Amino acid sequence: MQAAPLLKDLVLVGGGHTHVHVLNSFGRKPMPGVRLTLIGRDVETPYSGMIPGFVAGHYSFDECHIDLAWLCASTGARLVRGEATGIDRASRQVLLKDGPAVSYDLLSIDVGSAPNLETIPGARQWATPVKPIAKLGRHWMAFLERMKTWLGPLNITVIGGGAGGVELALAIDHRLRQAAKGAQVQVTLATKDEILTGHAVAARRKIQAIFRRRGLQLLEKAATVRIERGAVQLESGKWLQSDAVFVVTEASAAEWFATTGLPLDGRGFLAVADTLRSTGDERIFAVGDCATVLKHPRPKAGVFAVRQGPPLAENLRRVVLGQAPEPFVPQARYLSIIGTGDGRAVATRGSWAIEGAWVWRWKDHVDRKWMRLYQRRV
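Source: prediction; values computed, not measured. (Residues numbered from 1 in each chain as written. Predicted model: local features only at pLDDT ≥ 70, side-chain atom pairs only at ≥ 80, totals over all residues. Heavy atoms only, no water.)

Right, let's talk about the side chain of Asn155 for a bit. Mapped onto the elements of the fold, Asn155 is located in strand E12 (residues 152-159). Setting aside anything within four residues of it in sequence, one finds Asn155 in contact with Gln186, Gln241, Ser242, Asp243 and Ala244. (Helix = DSSP H or I, 4+ residues; strand = E, 2+ residues; numbered from the N terminus. Contact = heavy atoms within 4.5 Å.)

Printed below as a string of structure tokens:
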């Protein structure tokens, strides 16, 4: 039987949570004449919801990462290993850092975000950003190996008081107390505001109590103004001795977005309509942390990226067929589960919050179930 002629090149830039669903969807139900290509900087893409558990020692590297090479092979997609640096919209090509440009007829972007290190002098040289998460995973494994033989005081500073910073600080504390037997571990979280801004007061109070109970130092209203080798300076002038610094501050957009000519929001993220399509180019979609849905702005959180998978896949199919994409409205209220590193978690939604080991078991079940959809079955 003769293969269907190639009619459309559908290109996905980035292996984020939304795009892995698109790969899976087109693998289960291919579209004749459509060639699907994934451009990925990393062959193994992490599931952000499981990374704090990985840091805490509850998951292996493989358990919380998706093998994009296997996923592409199993779904019939082409994988191009490379890092996007721009888009030539006139010739419809994605420009790569090292490699030839990739042509597209329809394009979707899901490259995530990263902490803005430029706002803190010394951060780029002396701190580890939590994103890109793929780099954090390998850095953490190497760091943990070195800490196994550490003797004496071990001071860790986490900068950023959102849910990501809180989870990371608690996970680091739990893991190091198990792995670095010869160290006197002191983990400090410093944040310019209160922790968990935007979450319920009840959740904030529970986390504050957990920090006190576990012996972590929590410094609120304590902005970081400088990082040097072995030390962090706060706005008050106080210096924190720091053998390692992790930055989990407000996300920033990829710099190359500004060169595309595409509409951006006030923070430099790609502006999209409620159909997830760029407001300035009908051939381009953007999802996950790298995009802002102008009608429905939401926090940069993995829960929204996961929910965008089905509507993106459906809208890409519709556009390929010459149909108009349909709007998608994300949930206004959502359940947030904050792992505390020790096999417990705090769940919060609206004004309430609850804590317990069963909350962690529930989160673990949901996360593993999601990962099984995209991982190789042994």
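Having seen the structure, we can now continue with the description.
Judged by pairing direction, the sheet is antiparallel, and its three strands sit side by side in the order E15-E16-E17 without closing on themselves. The two strands at the open ends of the sheet, each matched to only one other strand, are strand E15 (224-228) and strand E17 (239-241). Averaged over all adjacent pairs, the angle separating strand axes in this sheet is 20°, with direction ignored. As judged from the four bridges shared by E15 and strand E16 (residues 231-234), these two strands associate in the antiparallel manner. Paired with Arg226 across the bridge in E16 is Gln233. (Pairing = 2+ DSSP bridges. Axes fitted to C-alpha atoms, helices over the stretch in contact; angles between N-to-C directions.)

Among the five residues that make up strand E24 (residues 345-349), four are buried, leaving the element largely enclosed by the rest of the structure. Bridging between strand E23 (residues 336-339) and E24 involves four bridges; their strand directions are antiparallel. By the bridge assignment, Ile337 is partnered in E24 with Ala347. Here E23 hands over to E24 after five residues, with Gly341 in that stretch at a positive phi of 85°. Bridging between E24 and strand E25 (residues 352-356) involves five bridges; their strand directions are antiparallel. Of the residues in E25, the one forming a bridge with Ala347 is Ile354. (Buried < 20%, exposed > 50% of the residue type's maximum accessible area, 1.4 Å probe, protein only.)

Here we take up the pattern of salt bridges. A complete count under the given rule lists 19 salt bridges for this structure. In this structure, Asp274 and Lys295 form a salt bridge, with 3.6 Å as the shortest nitrogen-oxygen distance. On the criterion of sequence distance, the pair formed by Asp274 in the loop between strand E20 (270-272) and strand E21 (284-286) and Lys295 in the loop between strand E22 (291-293) and helix H8 (302-307) is long-range, its members being 21 residues apart. One salt-bridge network, held together by shared partners, links Asp173, Arg177, Arg214 and Asp342. (Salt bridge = Lys/Arg side-chain N within 4 Å of Asp/Glu carboxyl O.)

Looking now at a nonpolar patch on the surface. On the surface, Trp352, Ile354, Trp358, Trp362 and Val366 cluster together into a nonpolar patch covering about 480 Å² of accessible area. Sort the elements by how many residues they give to the nonpolar patch and helix H10 (residues 357-372) lands first, with three residues. (Patch = residues over 30% accessible without salt bridge, like charges linked within 9 Å, V, L, I, M, F, W, Y side chains within 5 Å. Areas by Shrake-Rupley, 256 points an atom, 1.4 Å probe, with all protein chains shown as cover.)

Across the sheet, five strands lie side by side as E5-E2-E1-E9-E21; this open sheet has parallel pairing. Only two strands of the sheet have a single neighbouring strand rather than two, namely strand E5 (78-81) and E21. Taken pair by pair, the neighbouring strands of this sheet meet at an average axis angle of 20°, ignoring direction. The pairing of strand E1 (residues 8-13) with strand E9 (residues 106-109) spans four bridges and is classified as parallel. Residue Val13 lies in a different strand from E9, and its bridge partner there is Ile109. Against the sheet, helix H1 (residues 17-28) makes contact with E1, strand E2 (34-40) and E9, and its axis sits at roughly 145° relative to E1, the strand it touches most.

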